[in-house]
Amino acid sequence: LHILSACCSHDAFVVQYAMRESLPPQVLAQIVEEESALSNTGSCGNNATGSADIAVVTMALLIRLILHWDHRQVLSFFSPKIREDGTVEPNVANVDHNFPEV
């Protein structure tokens, strides 16, 4: 998970290997829930600490991916409308886009 999180710092990696379809956030959320439950039982000894670490790393990865996914959506929407000098294209229709809730 640490290596995957580090790789997901690079946009090209995210686009090729870690988009919502190939790495669903529901899977990561399920890992967080399961590992959190294991760490709360307390009967696992050192495994409880390991489970808590896995849950934290998975949450960090999920946050990193959400930021990348949302950033790509914002870029695809706004990039065609912004000129090189930073001004906005005139007469650009404001189209209603549904961005996913975070």
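Since this is a predicted model, take the numbers as computed values, not measurements.

K.L.:
How should I be thinking about the overall build of the chain in this particular structure?
P.N.:
Summing up its helical and strand segments, the chain has four helices and zero strands in all. Listed by position from the N terminus, the elements making up the chain come as α-α-α-α. Scored against the burial criterion, the 102 residues of the chain give a buried share of 23%. Sequence-distant contacts, at least 24 apart, represent 60% of the contacts inside the chain between residues at least 6 apart. Per element, the accessible surface of the chain, about 7,200 Å² overall, is 58% carbon and sulfur.

K.L.:
I tried to follow the packing of aromatic side chains on my own but got confused; where do I start?
P.N.:
In this description, an aromatic ring pair is defined by two values, namely the gap between the centres and the angle between the planes. This model, assessed by the stated rule, comprises one aromatic pair. Note on Phe-13 and Tyr-17: the rings are 5.0 Å apart at their centroids and 40° apart in plane angle, and the pair reads as tilted. A residue pair is termed a helical-turn pair when its members lie 3 or 4 positions apart in one helix, as Phe-13 and Tyr-17 do in helix α2 (residues 11-17) at four residues.

K.L.:
Sorry if this is basic, but what is going on with the side chain of Glu-35 here?
P.N.:
Considering the arrangement of structural elements, one finds Glu-35 in helix α3 (residues 25-41). No salt bridge forms around the buried Glu-35; measuring N to O, its nearest opposite-charge neighbour Arg-64 is 19 Å away. Setting aside residues no more than four positions away along its own chain, Glu-35 makes contact with Ser-51, Ala-52, Ile-54 and Ala-55.

K.L.:
I'm lost on the environment of Gln-26 in this one. Help?
P.N.:
In this structure, Gln-26 sits in helix α3. The exposed category is assigned to Gln-26, whose relative accessible area is 57%. Along the backbone, Gln-26 and Leu-62 are 36 residues apart, and their C-alpha atoms lie at a distance of 9.6 Å.

K.L.:
What am I meant to see in the confidence of the model for the chain here?
P.N.:
When pLDDT is low, close inspection of the predicted coordinates is not appropriate. Averaged over all residues, the pLDDT of the chain is 75; the fraction at 70 or higher stands at 67%. Ranking the helices and strands of the chain by mean pLDDT puts α3 first, with 84, and helix α4 (residues 46-78) last, with 77.

What counts and what doesn't
Residues numbered from 1 in each chain as written. Predicted model: local features only at pLDDT ≥ 70, side-chain atom pairs only at ≥ 80, totals over all residues. Heavy atoms only, no water. Helix = DSSP H or I, 4+ residues; strand = E, 2+ residues; numbered from the N terminus. Buried < 20%, exposed > 50% of the residue type's maximum accessible area, 1.4 Å probe, protein only. Contact = heavy atoms within 4.5 Å. Areas by Shrake-Rupley, 256 points an atom, 1.4 Å probe, with all protein chains shown as cover. Phe/Tyr/Trp six-rings, centres within 6.5 Å; stacked < 30°, edge-to-face > 60°. Lys, Arg positive; Asp, Glu negative; His and termini not counted. Salt bridge = Lys/Arg side-chain N within 4 Å of Asp/Glu carboxyl O. pLDDT = per-residue confidence, 0-100.

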